[in-house]
Amino acid sequence: MLALRRLGRRETTSLLKACAITRRQQSTYARPATGINPAYDEAMKVIEAYKIKKTAEAQAAAKELKQAQDAGAAAEQIGELKNKWFSLAVESEIKDSEVLWNAKNGNFDLSRPVYLYLKKQAWRARPLEILMQRLLQMFVLPDLLDPRDVGMPEAQLNITMNGSGTSAIEPGSIVEPSEAREQLDIELVTFHEDSRMHTLVMVDLDEPFEEQQTFREQFHWVVSNLQFSKSQTKADTSAGNVLLPYIPPHPAKGTPVHRYAVVAFEQAEAGQQRIESAAVGRDSVLRDFAAQQQLRPVGISFFRSSWNESVDAVYRDVLNRTPPNYGPMPALRKDIGPDGRKINTYENY
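Residues numbered from 1 in each chain as written. Predicted model: local features only at pLDDT ≥ 70, side-chain atom pairs only at ≥ 80, totals over all residues. Heavy atoms only, no water.

Chemist: Give a description of the overall build of the chain that names residues and reports values.
Modeler: Regarding its fold elements, the chain presents 11 helices and eight strands. Out of the 349 residues in the chain, the part that is buried amounts to 43%. Long-range contacts, defined here as pairs at least 24 residues apart, represent 74% of the contacts in the chain between residues at least 6 apart. Counting only carbon and sulfur atoms, one obtains 50% of the accessible surface of the chain, whose full area is about 19600 Å². (Helix = DSSP H or I, 4+ residues; strand = E, 2+ residues; numbered from the N terminus. Buried < 20%, exposed > 50% of the residue type's maximum accessible area, 1.4 Å probe, protein only. Contact = heavy atoms within 4.5 Å. Areas by Shrake-Rupley, 256 points an atom, 1.4 Å probe, with all protein chains shown as cover.)

Chemist: Got a sec to walk through the pattern of salt bridges? Specific residues and values, please.
Modeler: Throughout the structure, instances matching the rule amount to 20 salt bridges. A salt bridge links lysine 54 to glutamate 57, with the nearest nitrogen and oxygen atoms 3.3 Å apart. In this pair, lysine 54 and glutamate 57 both sit in helix 2 (residues 38–70), three residues apart, roughly one turn of the helix. Lysine 54 sits in the buried class, given a relative accessible area of 12%. The closest approach of N and O atoms between glutamate 276 and arginine 274, which form a salt bridge, is 2.6 Å. Owing to a relative accessible area of 47%, arginine 274 belongs among the partly exposed residues under this scheme. Connected via shared salt-bridge partners are Glu154, Asp194, Arg196, Glu266 and Arg296. (Salt bridge = Lys/Arg side-chain N within 4 Å of Asp/Glu carboxyl O.)

Chemist: Help me get a handle on the environment of valine 318, residues and values and all.
Modeler: When you line up the elements, valine 318 lands in the segment after helix 11 (309–317). Sequence spacing of valine 318 and proline 248 is 70 residues, and the spatial spacing of their C-alpha atoms is 8.4 Å. For valine 318, the contacting residues outside a window of four places in its chain are Arg181, Ile247, Pro248 and Ala313.

Chemist: Please provide a residue-by-residue account of the environment of histidine 198, values included.
Modeler: Topologically, histidine 198 is positioned in strand 4 (residues 196–209). The spatial distance from the C-alpha of histidine 198 to the C-alpha of glycine 240 is 9.2 Å, given a sequence separation of 42 residues. Beyond its immediate stretch of four places on either side in the chain, histidine 198 contacts Leu188, Thr190, His192, Val223, Ser224, Asn225, Leu226, Phe228, Phe265, Glu266, Gln267 and Val298.

Chemist: Residues and numbers for the sheet that holds strand 7 (residues 258–266), please.
Modeler: Strand order in this open sheet of six strands is 2-8-7-4-5-6, and the pairing throughout is mixed. One side of each edge strand has no neighbouring strand; the edge strands of this open sheet are strand 2 (173–174) and strand 6 (241–244). As paired strands, strand 2 and strand 8 (residues 296–305) are joined by two bridges and run parallel to one another. Its bridge partner being in strand 8, isoleucine 174 is matched across the sheet by arginine 304. (Pairing = 2+ DSSP bridges.)

Chemist: Talk me through the confidence of the model for the chain; I want residue IDs and the actual numbers.
Modeler: Here the chain shows a mean pLDDT of 88. Residues at 70 or above account for 88%. The element-level mean pLDDT for the chain is lowest in helix 1 (residues 9–18), coming to 49, with strand 7 highest at 98. (pLDDT = per-residue confidence, 0-100.)

Chemist: Got a sec to walk through the packing of aromatic side chains? Specific residues and values, please.
Modeler: Applying the stated rule across the entire model yields seven aromatic pairs. Residues tyrosine 29 and tryptophan 101 carry aromatic rings whose centres are separated by 6.0 Å and whose planes lie at 55° to one another, so their mutual orientation is tilted. You can see tyrosine 29 sitting in the loop between helix 1 and helix 2 and its partner tryptophan 101 sitting in helix 4 (residues 97–104), a full 72 residues away along the chain. By relative accessible area, which is 36% here, tryptophan 101 ends up partly exposed. Lying across the ring of tyrosine 50, lysine 95 places its NZ or CZ 5.6 Å from the centre. The ring of phenylalanine 108 has lysine 119 lying over it, and the distance from NZ or CZ to the ring centre is 4.9 Å. (Phe/Tyr/Trp six-rings, centres within 6.5 Å; stacked < 30°, edge-to-face > 60°. Lys NZ or Arg CZ within 6 Å of the ring centre and 35° of its normal.)

Chemist: So what's going on with the pairing of strand 5 (residues 214–228)? Which residues, and what values?
Modeler: Remark: a regular strand shows side chains that alternate across the two faces of the sheet. Strand 5 sits mainly inside the fold: 11 of its 15 residues count as buried. The hairpin turn running from strand 4 into strand 5, its antiparallel successor, is four residues long, and glutamine 213 in that turn takes a positive phi close to 55°. When strand 5 meets strand 6, the two strands line up antiparallel, connected through three bridges. Bridge assignment links valine 223 to a residue of strand 6, and that residue is valine 242.

Chemist: A description of helix 2 should follow, citing residues and the corresponding values.
Modeler: With 33 residues, helix 2 extends 48 Å from end C-alpha to end C-alpha; this agrees with the ideal 48 Å at 1.5 Å per step. Among all positions of helix 2, only Asp41, Lys54, Ala58, Ala61, Leu65 and Ala68 are buried. Buried residues along helix 2 sit in contact with helix 3 (75–93). In this structure asparagine 37 caps helix 2, since a side-chain oxygen of it lies 3.0 Å from the backbone nitrogen of alanine 39. Of the residues one or two after helix 2, glycine 72 is the one with positive phi, at around 70°. (Expected span 1.5 Å × (residues − 1). Polar contact = N/O pair within 3.5 Å; in protein donor to acceptor, adjacent residues only side chain to side chain.)

Chemist: Account for the environment of serine 238, with residues named and values stated.
Modeler: Inspection of the secondary structure puts serine 238 in the loop between strand 5 and strand 6. In this structure serine 238 comes out as exposed when scored by relative accessible area, which is 66%. Along the sequence, serine 238 and valine 223 sit 15 residues apart, while their C-alpha atoms lie 9.5 Å from each other. A distance of 2.5 Å separates the side chain of serine 238 from the side chain of aspartate 236, its partner in a polar contact.

Chemist: Got a sec to walk through the packing of helix 4 against helix 5 (residues 113–125)? Specific residues and values, please.
Modeler: Between two packed helices, both the angle of their axes relative to each other and the distance between the axes serve to describe the pair. Relative orientation of the contacting elements helix 4 and helix 5 amounts to 45°, with a least axis distance of 10 Å. One way to sum up the angle between helix 4 and helix 5 is to call them oblique. Handedness of the crossing formed by helix 4 with helix 5: right-handed. Where helix 4 approaches helix 5, its residues Glu98, Val99, Leu100, Asn102 and Ala103 are matched on the opposing element by Val114, Tyr115 and Leu118. Among the residues making up the contact of helix 4 with helix 5, the classes are represented as six nonpolar, one polar and one charged. (Axes fitted to C-alpha atoms, helices over the stretch in contact; angles between N-to-C directions. Parallel < 35°, antiparallel > 145°, perpendicular 65-115°, else oblique. Left-handed = near helix turned anticlockwise from the far one by under 90°. Nonpolar A, V, L, I, M, F, W, Y, C, P; charged D, E, K, R; others polar.)

Set out below in structure tokens:
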């Protein structure tokens, strides 16, 4: 678990706002007037000089990177030069007051390295800790995946109910089944420059398994070959390969609260290998599917849901099944005979 200091309510709210769904909007920042406070004016001169210096260094690093790429340099050298350029590009703007204002208010332009860096820092400061805490407390890990395979998620996965606006649900939130009747909107912020292919899987961890009087996984949705990068964060399922079409959550009557997890996997060969077909069914096991396709989990979130009357419509209209009822059996009454008539307790006297 991350070793972080305890944050106040206002600071935590700020961080959660900064980590919400990424929607770049016009900046509302108003730069303070100069010529009023001499100390402020001098500070701005120092910051501007630092920015000019680091911008020049970043431009030189970008030129060096392009030369190495054109010369066909080794992948390791290219990676080192990319990291050098990225760090300098961040440093050139990290002290800019408008940049910091926008980041604090959740207004990120992820095409600029400084915003990519600040969004990752804001996510790791508190929301990632909350996510890991709830994944473990509610036993999504290890019920679904081995925590050693998941580690600390690299990417921020946000789930939004279709048509609910821009607010991503908090991990582990209770959601009405009707709210998830339509296909979910998924955002995955990967924090890397290049575009890689991913597979999204939605799983119910608590589907009743009558034969063994227990629960098992049920796959609700599988889409492969989804491209994500710093500029492509929203899942465009129309451009992916749908291995299993979406079915809404349908927690049966009489069952406990169901956990619905959405996992983003990076595909093999660093996200460059396509998956055109796969042997996957509704009753597949996620660990086995991931191993067969050489998938690496990079992002995860989940919500919970329980039965209400809207679920019966899903069984009838979508699944074409009679809604099941796993409610408790009525208690046996010793004063009622096999014929359903009440036994006279005094008949032997």
